[in-house]
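# Geometric and topological summary
Chain by chain, the residues:
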Amino acid sequence: FILIKRLLSPKSQIKGEAVSGPIGIGSLIYRIAGLRNPNYFIWFIAFLSIQLGVINLMPIPVVDGGHIAMFLYEAVRGKPLPLKVQEALLYAGLAFLGLVFLFATFKDITRFF
């Protein structure tokens, strides 16, 4: 969350250009594959997999980390969150991920033009 806060802050030292969506990742894969060294390609795919795994474990309700957080809350409290609250959290998480996806895709498109 600190990274997201810094990324969206007007005084951010992390610029939006540091974010890549599917278009930017595809372009980078194409460039790395063009180097004709399979080691670079394998390392990049491994790095990408690790990054996606970390994102998946973030406590955003739609991804696995959010489900783990809800299960921990349920274990501590002794009963689950009300269904309406779970539903609202899932929709908020989905909206957040959608906005991040759109932001990254927008940055990718503006990089090409």
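The structure we're discussing is the one just above.
In this report, we go over the structure that sits alongside the text. (Residues numbered from 1 in each chain as written. Predicted model: local features only at pLDDT ≥ 70, side-chain atom pairs only at ≥ 80, totals over all residues. Heavy atoms only, no water.)

### A closer look at the overall build of the protein
Counting its regular elements, the protein contains five helices and zero strands. What you see in the protein, going N to C, is helices and strands ordered as α-α-α-α-α. Put simply, the protein has 113 residues, and 19% of those count as buried. For the protein, the computed accessible surface area is about 8,800 Å², with 72% contributed by carbon and sulfur atoms. (Helix = DSSP H or I, 4+ residues; strand = E, 2+ residues; numbered from the N terminus. Buried < 20%, exposed > 50% of the residue type's maximum accessible area, 1.4 Å probe, protein only. Areas by Shrake-Rupley, 256 points an atom, 1.4 Å probe, with all protein chains shown as cover.)

### Examining the pattern of salt bridges
Per the counting criterion, the structure on display carries one salt bridge. The closest approach of N and O atoms between Asp 108 and Arg 111, which form a salt bridge, is 2.9 Å. Of this pair, Asp 108 and Arg 111 both sit in helix 5 (residues 83–112), separated by three residues, roughly a single helical turn. (Salt bridge = Lys/Arg side-chain N within 4 Å of Asp/Glu carboxyl O.)

### Describing the side chain of Asp 108
Look at Asp 108 and you get buried, because its relative accessible area is 1%. At 2.8 Å, the side chain of Asp 108 and the backbone nitrogen of Gly 24 are in polar contact. (Polar contact = N/O pair within 3.5 Å; in protein donor to acceptor, adjacent residues only side chain to side chain.)

### Remarks on the packing of helix 2 (residues 22–33) against helix 5
In contact at an axis separation of 7 Å, helix 2 and helix 5 are set at 50 degrees when each is read in the N-to-C sense. Looking at the two axes, helix 2 sits oblique to helix 5. Here helix 2 contributes Pro 22, Ile 23, Gly 24 and Ser 27 to the contact with helix 5, which in turn contributes Phe 101, Thr 105, Asp 108, Ile 109 and Phe 112. (Axes fitted to C-alpha atoms, helices over the stretch in contact; angles between N-to-C directions. Parallel < 35°, antiparallel > 145°, perpendicular 65-115°, else oblique. Contact = heavy atoms within 4.5 Å.)

### Some remarks on helix 3 (residues 38–56)
For helix 3, with 19 residues, the first-to-last C-alpha span of 27 Å sits near the 27 Å given by 1.5 Å per residue. Sitting at the amino-terminal end of helix 3 is Asn 37, which places a side-chain oxygen 3.1 Å from the backbone nitrogen of Asn 39. (Expected span 1.5 Å × (residues − 1).)

### Observations regarding the side chain of Thr 105
Position of Thr 105 among the secondary structure elements: in helix 5. Those residues in contact with Thr 105, other than ones at most four positions away along the chain, are Pro 22 and Ile 23.

### Things to note about the packing of helix 2 against helix 3
Interaxial distance between helix 2 and helix 3 falls to 9 Å at its minimum, and their mutual angle equals 155 degrees. Taken as axis vectors, helix 2 and helix 3 run roughly antiparallel relative to one another. In the packing of helix 2 onto helix 3, the handedness of the crossing is right-handed. Mapping the contact onto sequence places Ile 25, Leu 28, Ile 29, Ile 32 and Ala 33 in helix 2 and Tyr 40, Phe 41, Phe 44, Ile 45 and Leu 48 in helix 3. Among the residues making up the contact of helix 2 with helix 3, the classes are represented as 10 nonpolar, no polar and no charged. (Left-handed = near helix turned anticlockwise from the far one by under 90°. Nonpolar A, V, L, I, M, F, W, Y, C, P; charged D, E, K, R; others polar.)

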